[in-house]
Amino acid sequence: MANSIIDLTTINAIRILSAEAIQKANSGHPGLPLGSAPVAYTLFQNFLKFNNADLKWDDRDRFILSAGHGSMLDYSLLYLYGYGLTKEDLQNFRQLGSKTPGHPEYGHTPGIETTTGPLGQGIANAVGMAAAEAHLAAKFNREGYPVVNHYTYALCGDGCLEEGISYEACSFAGTHELGKLILFYDDNDITIEGDTDITFKEDIAARFKAQGWQVLKVDLVSNPDDTGLIASAVKKAQNDKKHPSIIICKTKIGYGTPLEGSHKCHGAPLGVENLQKTKEKLGWSSEPFEVPDEVFEQTKKANARGAKAERVWKKLFARYEAEYPELAEEYKKAMSGELPDLSANADLFAFEKPMATRQTSATVLNKIAALVPSLMGGSADLAPSNLSDMKNTDQITYGDFTPENYAGRNVHFGIREHAMAAIANGMQLHGGIHAYCATFFIFSDYCKHAMRLSALMNIPVVYILTHDSIGVGEDGPTHEPVEQLIALRSIPNMKVYRPADGKETAAAWISALTGTAPTALVLTRQNLPQYANSGLNALKGGYVLEDCEGTPDVLLIASGSEVEQCVGAKAELAKEGIKARVISMPCFEEYEKQSAEYKESVMPSSVKARVCVEAGSPYSWYRYAGDKGEIIGMSTFGASGPAAQLFKLFGFNVENVVEKAKLSLAK
């Protein structure tokens, strides 16, 4: 099918704007935008459902550039299709403070659905968005009222498909038959080091077919800029609702340039001379960063199509609201993220007997699930151990999220920790869902990059991480977290809660759901006592759990299971006339947000004798120990044996806390 002149002109506008911005910045990746411009144009012009006057319209299609290094493709599209970027924004590509950073950033640039760049993350985010769409459609749609009815599109390159996360996520998508997920694969056979033959020779079509995907192919080497071929493939993908679809687009990296087909145009500007030759080959005569008026007239057609689609949807929703008022109200609450006041619910704090915090978390989770219909999540094949599933009751059936029951709220992620975390990001970003996911704390290492992106994007995904220390016991050092606490605490904007009992666990859940940052709930396998004075104070991150009369001689500071040893040590020290204060520190990040006056009231600067206790790396604690304090932590790996024996072996007992307190007092 022959393209019209305006199709070619608009495709070339995407190419040239991208190349010009990269050249002006003297930094960036021109190869992908030049090769994938026909794909992106066809999608935006003829298929993508969006309204540039309402970028957060619930029923818009989502587009994710998983190959985020090609960010100028995104920015050129957002500029041409009226998302709010200006010519000056393009000219400031990769400059400090601009709306066009080196990789797409959610919340920073209008129209960007998720932060991408770490390869493969965007694919997994797209899977999460498609899962969210399927769930919300099953939950809210009624016959004649498809109020949730949109597609998720993603564009990736060879690098995304080499990353292991893509295998995990695409296997999940195929298993769950997410037919409204469409992935464009820019198959140009080039990465930074050269031809992919040196690392990557597998049959991608066979791989995706084996994972339950529909596989379609478009040859843009023999048929450059043939939007008809692309459009035909998209229609076939849309028509298969049972299988996610991959459209393998065979392209030439750096199309139209003297460097076409070479890795030299992957991650470096074309150069002034090559850029000029590219313009000549493509017949481009406009001044730098200028685009012919007819291009904007063309893109306005897509804008008009999208605006009309939203008007139609709003009329549909008005009829839906009239016929199903309660369902419509629940939908609006879900999409707005509205939550009840959980802190006022005394039932969440009702604990009496000793319990592991993984058990108290399960209790709180299930109570919250009944109050928050948008809560949805699951585990990486560990729900029976990390107790992260929502249990059916006589009043509520939560069910499992499956192709037969997309309305189910329990997600079985499979043994796919990295994809699980990134899929949860996508679910949260989609809207309408409060997402959580769960695994053993040791496996947070597998989740870490996606967790980092949760924090960077400022989205409140909840991470349930159980079996939090040497308390794992017999499984031994391979499964006993040592350095993971400090690793997560080092992530900006990540809250790490390690509660000491049930009431602190409830407070941690409330903080996780009511904040705007992701939260890691780090929970024990072994039973812990319940404390009379714990509770909502845990929202402050650190507080006085047990005190003495007057000014304390020594501060005993701990998180999680080690609070118990500090409480025991306080009693023993009292027998010798030593006054101790026990401070529970479930969340450093929240404690550091408190006022200087509050922190002084908890940890008086005049009290230099301190003991900090935590069954993990000691490095988190130096700021609180001070120059006369002692730290009881883990500076080695653990061992295999009963938990009680391990705690004694590594010094996490009352006797050692007492000894360290006296040592600190003697300094």
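Residues numbered from 1 in each chain as written. Predicted model: local features only at pLDDT ≥ 70, side-chain atom pairs only at ≥ 80, totals over all residues. Heavy atoms only, no water.

On to the overall build of the protein chain. A count of helical and extended segments in the protein chain gives 24 helices and 20 strands. Since a compact globule built from 667 residues should have a radius of gyration of about 26 Å, the 28 Å found for the protein chain is in line with a globular shape. Structurally, the protein chain occupies a C-alpha span of about 90 × 60 × 45 Å along its principal axes. Out of the 667 residues in the protein chain, the part that is buried amounts to 62%. In the protein chain, 77% of the contacts between residues at least 6 apart in sequence involve partners at least 24 apart. Within the structure as shown, the protein chain displays about 24900 Å² of accessible surface, and the carbon and sulfur contribution to it stands at 51%. (Helix = DSSP H or I, 4+ residues; strand = E, 2+ residues; numbered from the N terminus. Rg over C-alpha atoms; globule rule 2.2 N^0.38 Å. Buried < 20%, exposed > 50% of the residue type's maximum accessible area, 1.4 Å probe, protein only. Contact = heavy atoms within 4.5 Å. Areas by Shrake-Rupley, 256 points an atom, 1.4 Å probe, with all protein chains shown as cover.)

Right, let's get into unusual backbone geometry. For Asn26, which is not glycine, the phi dihedral falls at a positive 55°. Looking at the secondary structure, you find Asn26 in the loop between helix H1 (5-25) and helix H2 (31-46). Under the relative-accessibility criterion, Asn26 is labelled exposed at 58%. Located in the positive-phi region is Asp225, a residue other than glycine, with phi close to 65°. Its place among the elements puts Asp225 in the loop between strand E6 (214-219) and helix H9 (227-239). Owing to a relative accessible area of 8%, Asp225 belongs among the buried residues under this scheme.

Let us look at the sheet that holds strand E2 (residues 152-157). Strand order in this open sheet of 5 strands is E1-E2-E3-E7-E6, and the pairing throughout is parallel. Both edges of this open sheet fall to strand E1 (62-65) and E6, since each of them pairs with a single strand only. Sheet twist, expressed as the mean angle between neighbouring strand axes with direction ignored, is 20°. Of the strand pairs in this sheet, E6 and strand E7 (residues 245-250) are connected by 6 bridges, and their pairing is parallel. Looking at the pairing, Val215 lines up with Ile246 of E7. Its contacts with the sheet place H9 against E2, strand E3 (181-187), E6 and E7, and it is angled at close to 175° to E6. (Pairing = 2+ DSSP bridges. Axes fitted to C-alpha atoms, helices over the stretch in contact; angles between N-to-C directions.)

Right, let's talk about the sheet that holds strand E20 (residues 630-632) for a bit. Paired through their backbone hydrogen bonds, the strands of a sheet run either parallel or antiparallel. The sheet built from 5 strands is open, its strands ordered E16-E18-E17-E19-E20 with mixed pairing. Both edges of this open sheet fall to strand E16 (543-546) and E20, since each of them pairs with a single strand only. When strand polarity is set aside, the average angle formed by the axes of neighbouring strands in this sheet is 25°. Two elements, strand E17 (residues 554-558) and strand E19 (residues 610-613), share 4 bridges in a ladder whose sense is parallel. Bridge pairing links Ala558 to Val613 in E19.

With that settled, the discussion passes to the environment of Tyr145. With respect to the helices, strands and loops of the structure, Tyr145 is situated in the loop between helix H5 (121-140) and E2. Between the C-alpha atom of Tyr145 and that of Tyr324, which follows or precedes it by 179 residues, the distance is 10.0 Å. Excluding residues within four positions of it along the chain, Tyr145 makes contact with Leu316, Arg319, Tyr320, Glu323 and Tyr324.

Two side chains that carry opposite charge are able to pair once their charged atoms sit near each other. One pass over the structure, following the stated rule, counts 30 salt bridges. Of the charged contacts in the structure, one is a salt bridge between Asp347 and Lys367, with a shortest N-O distance of 3.4 Å. Taken as a pair, Asp347 in the loop between helix H12 (325-336) and strand E8 (355-356) and Lys367 in helix H13 (residues 357-371) lie far apart in primary sequence, 20 residues in all. Here Lys367 falls in the partly exposed class, since its relative accessible area comes to 22%. (Salt bridge = Lys/Arg side-chain N within 4 Å of Asp/Glu carboxyl O.)

Moving on: the pairing of E7. Counting buried positions along E7 gives 5 out of 6 residues, so the element sits mostly inside the fold. Where E3 meets E7, 6 bridges bridge the pair, whose relative direction is parallel. When the sheet's bridge partners are listed, Phe184 is paired in E7 with Ile247. Since E6 and E7 lie parallel, the crossover through H9 that links them has a hand, and here it is right-handed. (Right-handed = clockwise from strand over helix to strand, strands pointing away.)

Moving on, we get to helix H11 (residues 293-323). In a regular helix each residue adds 1.5 Å, so 31 residues correspond to 45 Å; H11 covers 46 Å between its end C-alpha atoms and thus fits that length. Within H11, burial applies to Val295, Gln298, Thr299, Ala302, Asn303, Gly306, Ala307, Glu310, Trp313, Leu316, Phe317 and Tyr320. Those residues of H11 that are buried lie in contact with H1, H2, helix H3 (71-80), H5 and H12. (Expected span 1.5 Å × (residues − 1).)

On to the packing of H1 against helix H10 (residues 272-282). Running from N to C, H1 and H10 point in directions that differ by 170°, and their axes come no closer than 11 Å. Considered as vectors, H1 and H10 are oriented roughly antiparallel to each other. Across the interface between the two elements, Asn12, Arg15, Ile16, Ala19, Glu20 and Gln23 from H1 touch Val272, Leu275, Thr278, Lys279 and Leu282 from H10. Grouping the amino acids of the contact of H1 with H10 by side-chain chemistry returns 5 nonpolar, 3 polar and 3 charged. (Parallel < 35°, antiparallel > 145°, perpendicular 65-115°, else oblique. Nonpolar A, V, L, I, M, F, W, Y, C, P; charged D, E, K, R; others polar.)

This brings us to the packing of aromatic side chains. This model, assessed by the stated rule, comprises 31 aromatic pairs. Taking 5.3 Å as the distance between ring centres and 90° as the angle between the ring planes, the aromatic pair formed by Phe588 and Tyr624 counts as edge-to-face. Here Phe588 is found in helix H20 (residues 588-592), whereas its partner Tyr624 is found in helix H22 (residues 622-625), with 36 residues between them in sequence. Overall, the relative accessible area of 4% leaves Phe588 in the buried class. Residue class for Tyr624 comes out buried when judged on its relative accessible area of 3%. Joined through ring pairs, the aromatic side chains of Trp57, Phe140, Tyr145, Trp313, Phe317, Tyr320, Tyr324 and Tyr331 make up one cluster. Over the aromatic face of Tyr151 sits the side chain of Lys180, whose NZ or CZ is 5.4 Å from the ring centroid. (Phe/Tyr/Trp six-rings, centres within 6.5 Å; stacked < 30°, edge-to-face > 60°. Lys NZ or Arg CZ within 6 Å of the ring centre and 35° of its normal.)

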